[in-house]
Amino acid sequence: MAMLIGVPKETAAGEKRVATVPDVVEKLRKLGFAVAVESGAGDAANFADDTYCAAGAEVVASAAELFAKADIVFKVRPPSADEVALLREGTVLIGFVWPAQNPELMQALAGRHATVLAIDCLPRQLSRAQKMDALTSMAGISGYRAIIEAANAFGRYFNGQVTAAGKIPPAKVFIAGAGVAGLAAIGTAANLGAIVRANDTRAEVADQVVSLGGEFVKVDYEEEGSGGGGYAKVMSEGFQAAQRAMYAEQARDADIIVTTALIPGKPAPKLISAEMVRSMKPGSVIVDMAAEQGGNCELTEPGQAVVRHGVTIIGYTDLASRLAKQSSTLYATNLLRLAEELCKTKDGLVDVNMDDDAIRGLTVIKAGEITWPAPPPKLPAVPPKPKAAAVPPPKAHGHGPGEPMSVQGLATVFGLGALAFALVGLYAPASFLAHFTVFVLACFVGYMVIWNVTPALHTPLMSVTNAISSIIAIGALIQIAPPLSGAGSDRPSGLILALAVLALALTAINMFGGFAVTRRMLAMFRK
């Protein structure tokens, strides 16, 4: 019998997201699942109960009724104590759990003999896991929303302007941390016209920052900061001291600071001190995206926007929820991809395969047994780098194939060519010299034209030039055409007529075929 997926209304304060949306309900039903949604679960994200019914879901009146019948529960936030009490034994729970931060919740779920798949524990280093990566989906939305919140609190334009009323300087934005959220913030701020600078402990993200229109600010201290799973690692004390000095300098200059630094399983590192806040210009804004884990700023108050020393410090913990419709749609798609991995037979039954690295990483409790943390996934071995080919020693004389001609050889060739042209000019008839000059110029012009054409277009170009070169058809037509009056003695013989007809037939094939090939080749380049 097919399993029933239950989607309750989120009970966390201020949470507007819902774990699935009507478009995804239809796709879940194609996998064989039945779907039930608590009444009002999607209201805050602008998904009415009627739209769920139209997609084939059952709408139930209460959470108690939903939990009583659900075999699988899709959630966004970790379940509350009341929701854990409503879970039937053996239920499969899928959603954000944060097992490192919620040990009591893990014990309570294990006591219900549940199987729990924590979407936040997905091994993000597996390329095939990207379609299930809800952390990345939510981080991108949060980074975008962080800039929108900063713009709302900031007292000026982001882009610089020169008006009749005066000159408006562009806003200066500093992004601390260039992960997914940081990169989304960089792109959004740059598109609004701000001057954007960013820093990250991972040196490899510098190119990504520049590609989005930002400037990468490097800490004057050499240390690699890449950690596992796409996160940064805890840096040495020497690096942190150099980083604090750089942040202090940026704080004095920046109008807006967005902090995104998080390390899995640990409180958010303190990057912006109270002294740095005091050094910022009045009216400046700090958006602390790590507020839920304690915040990157010493003066952050989670869940609130406060003003300290003239600086607005935004510590909202629901940035993704403030774009509820978009974030719900992306999150629902992530859970759909996970459901496809769990139900490859499309019979509405899930198989939690612990031999699958992605599923094993997600599974923090299996039938009441805590299986978190998971062992590191088995990554494919990195192929050895090919040995560099030995560089042959330079030759004293001459050059090999593909090597540029030496200066002496080039001078010799040009000298011989100039001598040949001089002899032709001295001894050839004037008519030949004129035709020869046209021939040489035609070769030069033709070479330059072909050389500057994209190699991908060489085939259509040659086909059309072949068609145009069939101008020889005019000679054949002259031979075939009847002679003018009084010129009967000049009529060609039967052999010449036959050759002219054959030449005309072949050139006709060349002409029409050349244009046909050109047309088909050029069609390949059209979208």
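Above this text you will find the structure in question.
Predicted, not measured: the structure shown is a model, and the values here were computed from it. (Residues numbered from 1 in each chain as written. Predicted model: local features only at pLDDT ≥ 70, side-chain atom pairs only at ≥ 80, totals over all residues. Heavy atoms only, no water.)

Participant: Please clarify how helix α1 (residues 22–30) should be interpreted in this entry.
Facilitator: For the α-helix, the turn length of 3.6 residues means that residues three or four positions removed from each other point alike. Among all positions in α1, only P22, V24, V25 and L28 are buried. Seen from one end, α1 has its buried residues packed into an arc of 150 degrees, which puts them on one side. Of the exposed residues in α1, the ones pointing more than 90 degrees away from its buried face are D23 and K30. Turning to α1, the residues buried within the fold contact β1 (4–7), β2 (34–38), α2 (49–55), β4 (72–74) and α11 (324–342). Where α1 terminates, the next one or two residues include G32, which has phi positive at roughly 100 degrees. (Buried < 20%, exposed > 50% of the residue type's maximum accessible area, 1.4 Å probe, protein only. Helix = DSSP H or I, 4+ residues; strand = E, 2+ residues; numbered from the N terminus. Arc of directions from axis to C-beta. Contact = heavy atoms within 4.5 Å.)

Participant: Sorry, what's going on with the packing of aromatic side chains here?
Facilitator: The way to describe two aromatic rings as a pair is by their centre distance and the angle between their planes. Under the criterion given, the structure shown has five aromatic pairs. Arranged with centres 6.2 Å apart and planes meeting at 85 degrees, the rings of F154 and F158 form a pair that is edge-to-face. Of the two residues, F154 and F158, both sit in the buried class. Seen in terms of ring centroids, Y221 and F239 are 6.1 Å apart; in terms of plane orientation they differ by 85 degrees. Their pairing is edge-to-face. With Y221 in the loop between β11 (215–216) and α9 (237–253) and F239 in helix α9, this residue pair connects regions lying 18 residues apart in the sequence. Judged by relative accessible area, Y221 falls into the partly exposed class, the value being 35%. Aromatic rings pair up to connect F96, W98 and Y331 into one cluster. It is R322 that lies over the ring of Y316; its NZ or CZ is 3.8 Å from the centre. (Phe/Tyr/Trp six-rings, centres within 6.5 Å; stacked < 30°, edge-to-face > 60°. Lys NZ or Arg CZ within 6 Å of the ring centre and 35° of its normal.)

Participant: Can you walk me through a nonpolar patch on the surface in this structure?
Facilitator: Together, L495, L499, L502, L506 and I509 give the surface a local cluster of nonpolar side chains, amounting to about 550 Å² of exposed area. Within the secondary structure, L495 is located in helix α17 (residues 494–523). (Patch = residues over 30% accessible without salt bridge, like charges linked within 9 Å, V, L, I, M, F, W, Y side chains within 5 Å. Areas by Shrake-Rupley, 256 points an atom, 1.4 Å probe, with all protein chains shown as cover. Salt bridge = Lys/Arg side-chain N within 4 Å of Asp/Glu carboxyl O.)

Participant: Help me out: how do you make sense of the pattern of salt bridges in this one?
Facilitator: If the charged atoms of two oppositely charged side chains come close together, the side chains can form a pair. Enumeration according to the criterion identifies 25 salt bridges in this entry. Across the pair E10 and K75 runs a salt bridge whose closest N-O atoms are separated by 3.0 Å. Placement of the pair is E10 in the loop between β1 and α1 and K75 in the loop between β4 and α4 (81–86), with a sequence separation of 65 residues. This pair shows no difference in class: E10 is buried, exactly as K75 is. Residue K344 pairs with E341 through a salt bridge whose shortest N-O separation is 3.8 Å. For K344, a relative accessible area of 60% gives the class exposed. Given the relative accessible area of 14%, E341 is considered buried. Among the charged side chains, a network of salt bridges with common partners joins R128, K131, E341, K344 and D356.

Participant: Whenever I open this one, the sheet that holds strand β14 (residues 305–308) confuses me. Can you help?
Facilitator: Strand pairs in the sheet, formed through backbone hydrogen bonds, run parallel or antiparallel to each other. Ordered by their spatial adjacency, seven strands build an open sheet running β11-β10-β9-β12-β13-β15-β14, and the pairing between neighbours is mixed. Each edge of the open sheet is held by one strand with a lone partner, namely β11 and β14. (Pairing = 2+ DSSP bridges.)

Participant: Please explain the nonpolar core as it appears in this structure.
Facilitator: The tendency in soluble globular proteins is for nonpolar side chains to be buried side by side. In this structure, F74, I94, Y331 and L338 are the most contacted members of the largest nonpolar core, which totals 49 residues. In terms of residues, this core owes the most to one element, α11, which gives eight residues. Ignoring sequence-local partners within four residues, the contact set of I94 consists of I72, V73, F74, K75, L117, Y331, L335, L338 and L342. If you look at the next biggest cluster of nonpolar residues, it comprises 30 residues, including I175, V196, F216 and V285. (Core = buried A, V, L, I, M, F, W, Y, C linked by side-chain atoms within 4.5 Å.)

Participant: Honestly, the side chain of D49 in this entry has me stumped. Any pointers?
Facilitator: Within the element layout of this structure, D49 appears in helix α2. Of the side chains with opposite charge, K9 comes closest to the buried, unpaired D49, at an N-O distance of 8.9 Å. Among the polar contacts made by the side chain of D49, one reaches the main-chain amide nitrogen of G40 at a distance of 3.0 Å. D49 has contacts with E38, S39, G40, D43 and V59, leaving out every residue within four places of it along the chain. (Lys, Arg positive; Asp, Glu negative; His and termini not counted. Polar contact = N/O pair within 3.5 Å; in protein donor to acceptor, adjacent residues only side chain to side chain.)

Participant: Would you mind going over helix α5 (residues 103–111) with me for this structure?
Facilitator: Those residues of α5 that sit buried are L105, M106, L109 and A110. For α5, the buried positions fall inside an angular range of 135 degrees around the axis, keeping them on one side. Away from its buried face, by an angle of more than 90 degrees, α5 presents the exposed residues E104 and Q107. Those residues of α5 that are buried lie in contact with α4, β5 (92–95), β6 (115–118), β16 (363–366) and β17 (369–370). Once α5 ends, the next one or two residues include H113, with phi positive near 55 degrees.

Participant: How do you make sense of the packing of helix α6 (residues 134–153) against α11 when you look at a structure like this?
Facilitator: Angle between the axes and distance between the axes are the two parameters that describe a pair of packed helices. Where α6 meets α11, the axes come as close as 9 Å, and the angle between the chain directions of the two elements is 165 degrees. Viewed along their axes, α6 and α11 adopt a mutual orientation that is roughly antiparallel. As for how α6 packs across α11, the hand of that crossing is right-handed. Residue-level contacts link A134, S137, M138 and I141 of α6 to Q326, S327, L330, Y331 and N334 of α11. Residue composition of the contact of α6 with α11, grouped by class: five nonpolar, four polar and no charged. (Axes fitted to C-alpha atoms, helices over the stretch in contact; angles between N-to-C directions. Parallel < 35°, antiparallel > 145°, perpendicular 65-115°, else oblique. Left-handed = near helix turned anticlockwise from the far one by under 90°. Nonpolar A, V, L, I, M, F, W, Y, C, P; charged D, E, K, R; others polar.)

Participant: Explanation requested: the sheet that holds β4 in the structure shown.
Facilitator: Overall, mixed pairing links the eight strands, which are arranged β3-β2-β1-β4-β5-β6-β16-β17 in an open sheet. At either end of the open sheet lies a strand with only one pairing partner, and these are β3 (58–60) and β17.

Participant: Honestly, the environment of T91 in this entry has me stumped. Any pointers?
Facilitator: Among the structural elements, T91 can be located in the loop between α4 and β5. Judged by its relative accessible area of 2%, T91 falls in the buried class. In this structure the C-alpha to C-alpha distance between T91 and K69, which are 22 residues apart in sequence, comes to 9.8 Å. Among the polar contacts made by the side chain of T91, one reaches the main-chain carbonyl oxygen of R88 at a distance of 2.7 Å.

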